[in-house]
Amino acid sequence: MSGGVDSSVAAALLAEQGHDVIGLSMQLYDQAEGQSSFGSCCSIDGLNDARRVAAAINIPHYVLNFERQFQEQVVSNFVNEYVAGRTPLPCAHCNGDLKFATLAERAESFGAEAVATGHYARVELLSEDEVSSKARRYVLKRGLDASKDQSYFLFSLTQAQLARAVFPVGDRPKTAVRAYARLRNLPVADKPDSQEICFIPDHDYRGFVEKQRPNTRRAGQFVDEHGAVVGAHEGVHRFTIGQRRGLGLSSSPSGTPMYVLALRPAEQQVVVGPKSSLERTTLQASAVNWLIDTPTVPIRAAVQIRHRHEAAPATVRATAPGQATVTFDTPQIAITPGQAAVFYDGEIVLGGGWIES
Amino acid sequence: MRVYFDYNATTPLASEVIEAVARASRDTFGNASSVHHFGQQAKAALDDARSELAALIHGDPSEIVFTSGGTEADNMAIRGAAEAIEPTGRRHLIASAIEHEAVLNTLKALARRGWRTTLLPVDDSGIVAPDRLREALADDTALVSIMHANNEIGTIQPIAELAQLAHARGALLHTDAVQSLGKIPVDVRALGADLLSLSAHKFNGPKGAGALWIKRGTRLLPTVTGGKHERNRRAGTENVPAIVGLGVAARLAGGKLGAEAARVAALRDRLEEGILGGVPGTAVNGARGSRVPNTSNISFDRVEAESLLIALDLEGIAVSTGSACSSGTLEPSHVLRAMGLSTHRTQNSLRFSLGMFSTDAEVDRVVEVLPRLVEKLRGLTQKPVGARG
């Protein structure tokens, strides 16, 4: 329970359905820091809200201290990825490596049979007859509310993890979730949606990376596609593929806007060029998690390459254990290493992996 | 069956206290500073409570200043004495490393304002050695603050001996007796202290009422300024109903101190033996021979205390991982750390604290439930790191 409306409603729904519900919140960073900069940190307010919701729906509530695990499994990966010239996806790591791993184990030790979250996604259990070579027992699907769907962030869940996952709001539109929160008088009914990375409340990820790894702020060069130097920057971690704003470059002589095309951390270079050069047709994915049996032949899928990307038709080949090659029917803009490539058949998640190139 | 074994965090109220507080809330609503009948009734109620409390600690009623609780009493003692003594040139404060946060953080605040502070170490049984105080005392030491009994492990400090050492160097001795009052005899004269803090809700009284005993003649500047309440020592309209409850709780505590201590000690010892015998890899923290009778602090090897606390609560058993005031922090217990315990062990420890309403059946329940929970949690920690469940 983060203290947000989605996990609050998830808990309230389960309690109303008569389940024996334990509310758990994760304390992920030092509360003392929040005290000194009161008002800037969302976490203490979030934990307080979760506690108030738990009291309102009459379930026990505990705050688990996962500061160390969060630092080791999510924050350090986040920093390492930027330093390596990639663009991380911390929520997906948090889901797969913390919430449905460490937290789920802890919940299991308290006697819990399942772990519910406020994600907009659905898990369905197939009957014995339906289990086939195409679909395994637990099917992960997009949330009913397409505009809120979070299945992209859950692609790394294994069958064992899905077996214990429950998403009570996944089959409802967000408006209905808010309406239910108001109906039940939950104290968070009108709280705004969270949008940003939870551990960077001031949204300054560059400053965060530099604070965690002070030596990353190193002068480097912007180069064009032919290797000509066109400007100077203060570290590759400050850029993301497809970025146009904040480059501090005057546009090319012809007046075309410049975009980040590639990051070369070893040379401290940021490659820039016109938007047309961002188009690519193939990507390589690693640590691929298949929610169907690993396909032996190329399969057709709609592949989503970032949170707000409309999944595009492609052919996916499992090239080696944990590896896949995706070939899109039409070129895609800004295929970004560090983000996830998630393979869908309609609403169903077939699998996904981390974009390497 | 719900079991409450967290009496060091707070205690349930004695039924006589509940009645007295309710009666005073209804009938004695006057402002104790008012001249009229209603004020006189309230003042009389405060005087009665002051006398009951003075009798319990063998002090004089005029030496007692009511506060909102133990934390305020500690602040008043240390800040008030420091400010009164400052003009003499004394600028040094001493406390033990295992004090409550109310003392430690007050010292830190004064350190930021230029005071030198020294924290005395404790031995591995959680006791302050008088020699350490002897070494730390200086010509400009203003005040020494050592708790009578520790809240996490229950160990009793040799206050009388420490007070003599402090006085020999012209320093005052303050003792935080929040965790000893009502559990063991507290005699301010025998202890030789100059200042003593206490809190009603730790001995079956209500929250929001405490007191600082100030030995006659001890100079103290008020930390809460305003009207002329409490002989000009603590401004603010007195919380009459809660103070009435404090008085009743003090009378009850004094009346059955010996018998109750023996009863609770027998329960605590049976609980402790049951856990040590029933759960492998357990050990008691703190000197077993010099503890308040109700407290047992136990380490459970290879179990995160935070998880065991929650698992116990889900079984209806309320205990704590140390001080209730530090829950929610990742910091290992400063008390167990000061005793030299490994970080691992400081995060494996639970505090069981018993009291007035504790029963044999409750002890049986805890001893029965614990082995199963510990075994389950240990099974979890043996999985390789990063394994998915």
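Because the structure is predicted, anything quoted here is derived from the model rather than measured.

Novice: Any chance you could explain the overall build of chain B here in plain terms?
Specialist: A count of helical and extended segments in chain B gives 14 helices and 12 strands. Over its C-alpha trace chain B gives a radius of gyration of 22 Å, about what one expects of a compact globule, namely 21 Å for 389 residues. Looking at the 389 residues of chain B, the share that counts as buried comes to 51%. Across chain B, the fraction of contacts at a sequence separation of at least 24, relative to all contacts at a separation of at least 6, is 74%.

Novice: I keep staring at the overall build of chain A and nothing clicks. Help me out?
Specialist: Helix and strand counts for chain A stand at 8 helices and 16 strands. For chain A, whose C-alpha radius of gyration is 22 Å, the value lies close to the compact-globule estimate of 21 Å for 357 residues. Looking at the 357 residues of chain A, the share that counts as buried comes to 42%.

Novice: What's the story with the domain arrangement of chain B in this structure? I'm lost.
Specialist: Reports often express the size of an interface as the amount of accessible area lost when the parts come together. All names here are of chain B. Partitioning chain B into domains gives domain 1 (3-10 + 257-380) and domain 2 (15-255). Across the contact, 26 residues belong to domain 1 and 28 residues belong to domain 2. Contributions of two or more residues to the side of domain 1 that touches domain 2 are made by α10 (257-278), β10 (295-300) and α12 (334-338). Tallying contributions element by element places α12 first for the side of domain 1 that touches domain 2, with 3 residues.

Novice: Quick question: what am I supposed to make of the interface of chain B and chain A here?
Specialist: Each side of the interface is counted separately: chain B has 13 residues, and chain A has 20 residues. Every element with two or more residues in the side of chain B that touches chain A is listed here: α11 (305-314) and α14 (360-381) of chain B. It is α11(B) that provides the largest number of residues to the side of chain B that touches chain A, a total of 6 residues. Residues of the side of chain B that touches chain A, tallied by class, amount to 6 nonpolar, 3 polar and 4 charged.

Novice: Can you help me understand the environment of Thr295(B) in this one?
Specialist: Residues and elements named next belong to chain B. Inspection of the secondary structure assignment puts Thr-295 in strand β10. Taking the number of C-beta atoms within 10 Å as the measure of exposure, Thr-295 has 25 and is therefore buried. Expressed as a C-alpha distance, the spacing of Thr-295 and Glu-152, which sit 143 residues apart in the sequence, is 7.9 Å.

Novice: Any chance you could explain the sheet that holds β10(B) here in plain terms?
Specialist: Sheet strands line up and pair through hydrogen bonds in the backbone, either parallel or antiparallel. Residues and elements named next belong to chain B. Spatial strand order, β9-β10-β12: 3 strands in an open sheet with antiparallel pairing. Of all the strands in the sheet, the pair left with one neighbour each is β9 (282-285) and β12 (349-353). The average angle at which neighbouring strand axes cross in this sheet is 30 degrees, direction not considered. Packing of α10 onto the sheet brings it into contact with β9, β10 and β12, and relative to β10 it is tilted by some 10 degrees.

Novice: What am I meant to see in the pairing of strand β2 (residues 64-67) of chain B here?
Specialist: Each regular strand displays side chains that alternate between the two surfaces of the sheet. Residue and element names in this part refer to chain B. The side-chain alternation of β2 yields two buried faces, one formed by Ile-64 and Phe-66 and the other by Val-65 and Thr-67. Of the strand pairs in this sheet, β2 and strand β8 (residues 210-214) are connected by 4 bridges, and their pairing is antiparallel. Pairing of Ile-64 across the sheet is with Trp-213, part of β8.

Novice: Honestly, the domain arrangement of chain A in this entry has me stumped. Any pointers?
Specialist: Residue and element names in this part refer to chain A. Taken domain by domain, chain A comprises domain 1 (5-118 + 168-183), domain 2 (218-273) and domain 3 (278-355). Each side of the interface is counted separately: domain 1 has 5 residues, and domain 2 has 7 residues. Its residues assigned to classes, the side of domain 1 that touches domain 2 shows 3 nonpolar, 2 polar and no charged.

Novice: What am I meant to see in the nonpolar core here?
Specialist: Soluble globular proteins: nonpolar side chains tend toward being buried together. One finds Leu140(A), Val272(A), Val303(A), Ala340(A), Ala341(A), Val342(A) and Leu308(B) to be the most contacted residues of the largest nonpolar core, which totals 121 residues. Top contributing element to this core by residue count: helix α5 (residues 90-109) of chain A, with 7 residues. Apart from residues lying up to four places away in sequence, Val342(A) is in contact with Tyr152(A), Phe155(A), Val303(A), Gln304(A), Val349(A) and Gly352(A). Formed by 88 residues, the second largest nonpolar core is a distinct cluster that contains Ala42(B), Leu46(B), Leu93(B) and Ala242(B).

Novice: Would you take a moment to explain helix α6 (residues 159-168) of chain B for this structure?
Specialist: Residues spaced three or four apart along an α-helix face the same direction, because each turn holds 3.6 residues. All names here are of chain B. When we look at burial in α6, the residues that qualify are Ile-159, Leu-162, Ala-163 and Ala-166. For α6, the angular spread of buried residues about the axis comes to 105 degrees, placing them on one side. Here the buried face of α6 lies against α5 (130-136), β5 (141-145), β6 (172-176) and α7 (188-191). Positive backbone phi, approximately 80 degrees, marks Gly-170, located one or two places after α6.

Novice: Honestly, the sheet that holds strand β4 (residues 116-120) of chain B in this entry has me stumped. Any pointers?
Specialist: Residue and element names in this part refer to chain B. Spatial ordering of the open sheet is given by β2-β8-β7-β6-β5-β3-β4, a layout of 7 strands whose pairing is mixed. The open sheet terminates on both sides in strands that have one partner only, identified here as β2 and β4. With direction set aside, neighbouring strand axes in the sheet form an average angle of 20 degrees. The sheet contact formed by β6 and strand β7 (residues 195-199) spans 3 bridges and is parallel. Across the sheet, residue Asp-176 finds its bridge partner in β7, namely Ser-197.

Novice: Any chance you could explain the packing of helix α1 (residues 5-16) of chain A against helix α7 (residues 174-183) of chain A here in plain terms?
Specialist: What describes two packed helices is the angle between their axes and the distance between those same axes. Residue and element names in this part refer to chain A. Viewed as axis vectors pointing N to C, α1 and α7 meet at an angle of 65 degrees, and their least axial separation amounts to 10 Å. Crossing geometry of α1 relative to α7 is assigned as left-handed. Judged by residue contacts, Val-5, Asp-6, Ser-8 and Val-9 of α1 engage Val-177, Arg-178, Tyr-180 and Ala-181 from α7. Class assignment of the residues belonging to the contact of α1 with α7 gives a composition of 5 nonpolar, 1 polar and 2 charged.

Novice: I keep staring at the confidence of the model for chain A and nothing clicks. Help me out?
Specialist: Detailed reading of the predicted coordinates is not advisable wherever pLDDT is low. Summary statistics for chain A give a mean pLDDT of 90 and a share of 93% for residues scoring 70 or more. For residues 33-42 of chain A, every residue scores under 50 in pLDDT, and the model assigns this stretch 9 contacts once sequence neighbours within four places are set aside.

Novice: How do you make sense of the confidence of the model for chain B when you look at a structure like this?
Specialist: Taken as a whole, chain B shows an average pLDDT of 94; of its residues, 95% reach a score of 70 or greater. Confidence drops under a pLDDT of 50 for residues 384-389 of chain B, and excluding neighbours within four residues, the segment shows 9 contacts in the predicted structure.

Novice: Just checking my understanding: could you explain α11(B) for this structure?
Specialist: In terms of burial, α11(B) is a largely internal element, 8 of the 10 residues being buried. For α11(B), the complete set of buried residues consists of Ala305(B), Glu306(B), Ser307(B), Leu308(B), Leu309(B), Ile310(B), Ala311(B) and Leu312(B).

Novice: Sorry, what's going on with the pairing of strand β10 (residues 269-273) of chain A here?
Specialist: All names here are of chain A. Pairing analysis gives 3 bridges linking strand β7 (residues 220-223) to β10, with the strands arranged parallel. Each residue of the ladder has a partner; that of Val-223, found in β10, is Val-271. Where strand β9 (residues 259-264) lies against β10, 5 bridges are found, and the strand directions are antiparallel. Looking at the pairing, Tyr-259 lines up with Gly-273 of β10. Linking two consecutive strands that pair antiparallel, namely β9 and β10, is a turn of 4 residues; a positive phi of about 60 degrees is found at Gln-268 within it.

Rules used in this analysis
Residues numbered from 1 in each chain as written. Chains lettered and ligands numbered in written order. Predicted model: local features only at pLDDT ≥ 70, side-chain atom pairs only at ≥ 80, totals over all residues. Helix = DSSP H or I, 4+ residues; strand = E, 2+ residues; numbered from the N terminus. Rg over C-alpha atoms; globule rule 2.2 N^0.38 Å. Buried ≥ 20, exposed ≤ 12 C-beta atoms within 10 Å, placed from the backbone. Contact = placed C-beta atoms within 7 Å. Domains from an automatic or database assignment. Nonpolar A, V, L, I, M, F, W, Y, C, P; charged D, E, K, R; others polar. Pairing = 2+ DSSP bridges. Axes fitted to C-alpha atoms, helices over the stretch in contact; angles between N-to-C directions. Core = buried A, V, L, I, M, F, W, Y, C linked by C-beta atoms within 7 Å. Arc of directions from axis to C-beta. Left-handed = near helix turned anticlockwise from the far one by under 90°. pLDDT = per-residue confidence, 0-100.

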